[in-house]
Amino acid sequence: MNSIKSILDEFETFIQQATPQVKSFHPDYEYALWEMLKNGGKRFRPMLLFLSILEFNPIKFQDEQQCLNIFNVALALECLHTYSLIHDDLPAMDNASLRRSHPTLHIKYDETLAILVGDALNTYAFFLLSQNTFEDSLKIQLISELSYNGGMHGMVLGQALDCHFENIPLSLQELEFLHTRKTGMLIASSLKMGAIIANVEPSLIKKLYTLGLRLGLMFQIYDDIIDATQESIQAGKTTNNDSHKNSYVNLLGLSQAQIYLNDMKKHFLEECKNTSTTFYDIFANIINSYFK
């Protein structure tokens, strides 16, 4: 039986070996395309995809072609997420100089190349989904989920709200609307896409998506706390960078944001218990590992 650790280790090797070959006379383009992926990351969204499949249809990982298909879906998620980070770090948005413990692409190269690498990873995510050998109906479902949650209705809308309302305080309800889209929907879609691949019944898929949205909000609150409490070297990315943003720390204060996160953890795990005992154990481990 595959463990999540062994799958993530195999996936990391897969990422390193999946570097696109794009030959041209541009001095940096080909290497820059995959640089951010090779620099590491939490692989949080691929992990959620894998966990859904391991819980509901683990035999998928025993078939070599099915496993390759799953890895391509996970890579599509990671490509879309990485594109969003590259664009988020740009001078027009967060103007960050460090990501995944390395200089951001616009710092190492230039802003134009960083924008174009982000564009390339965005579109490459959907190319990856189109190339696996799942039946067409499943491929269409996966493409639909990723494009909806990562696009104009989800992550992009969240980013637009985040940037537009800098220096304009939002209510808690508005803040959660923003971050449900900016962070939560791509995290929720990772769980949902895994459940779709595992052929889970629709009612449970809907429940998992709701859990994913709440997990995404916890992820964002914790990220806001990191920004306020850790140095850039410790966090592996530019921190103390949200003073003009609508963050949970700015709205609630640091101590209240921590209390709010702890309350969300408690209610989230109670919901997990009602969904799946195994999922409760899994998410308890995730929360203890990621939200220390």
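Up top is the structure these notes are about.
Report on the accompanying structure. (Residues numbered from 1 in each chain as written. Predicted model: local features only at pLDDT ≥ 70, side-chain atom pairs only at ≥ 80, totals over all residues. Heavy atoms only, no water.)

Quick word on helix H7 (residues 136-150)
Let me state the cut-off plainly: Here a strand is any run of E in DSSP of at least two residues, a helix any run of H or I of at least four, and the numbering for each starts at the N terminus. For a helix, the expected span equals 1.5 Å multiplied by the residue count minus one. Residue exposure (1.4 Å probe, protein chains only): buried if accessible area is under 20% of the type maximum, exposed if over 50%, otherwise partly exposed. Arc, as used here, means the arc of the directions from the helix axis to the C-beta atoms. Contact between two residues is taken to exist if any of their heavy atoms lie within 4.5 Å; hydrogens are not considered.
Look at H7: 21 Å from first C-alpha to last across 15 residues, which is about the 21 Å you get at 1.5 Å a residue. Within H7 the residues assigned to the buried category are Leu138, Lys139, Leu142, Glu145, Leu146, Asn149 and Gly150. For H7, the buried positions fall inside an angular range of 130 degrees around the axis, keeping them on one side. Facing away from the buried side of H7, by more than 90 degrees, are the exposed residues Asp136, Ser137 and Ile140. Buried residues along H7 sit in contact with helix H4 (64-88), helix H6 (111-131), helix H8 (155-164), helix H9 (172-197) and helix H10 (202-229).

Digging into the environment of cysteine 79
Relative to the elements of secondary structure, cysteine 79 occurs in helix H4. Taking relative accessible area as the criterion, cysteine 79 reaches 0% and is therefore assigned buried. Leaving out residues up to four positions away in the same chain, cysteine 79 has contacts with Trp34, Leu37, Leu121, Tyr124, Ala125 and Leu128.

Looking at the nonpolar core
Using the following cut-off: Each nonpolar core is a collection of buried residues, namely Ala, Val, Leu, Ile, Met, Phe, Trp, Tyr and Cys, held together in the definition by side-chain atoms within 4.5 Å.
By size, the foremost hydrophobic cluster in this structure holds 86 residues, and its most contacted members are Leu48, Leu49, Leu75 and Phe283. Ignoring any residue separated from it by four or fewer positions in sequence, one finds phenylalanine 283 in contact with Leu48, Leu191, Leu215, Phe268, Leu269 and Cys272.

Some details on the layout of surface pockets
The line we're drawing: Of the grid points, spaced at 1 Å and generated over the protein atoms alone, those admitting a 1.4 Å probe that cannot get out make up cavities, while open sets with protein on both sides within 12 Å along at least five of seven lines make up pockets; any residue with an atom within 4 Å of a point is treated as lining. Grid points are joined across faces, edges and corners, and a volume is the space filled by probe spheres set on the points.
The space that makes up the largest pocket amounts to roughly 890 Å³. Lining the largest pocket are 46 residues, with Leu85, Arg99, Phe219, Asp223 and Lys237 sitting closest to its centre. Looking at the lining of the largest pocket, the elements that each hand over two or more residues are helix H3 (44-56), H4, strand E1 (98-99), H8, H9, H10, helix H11 (232-235) and helix H14 (277-290). Counting residues per element, the lining of the largest pocket draws most heavily on H10, at 7 residues.

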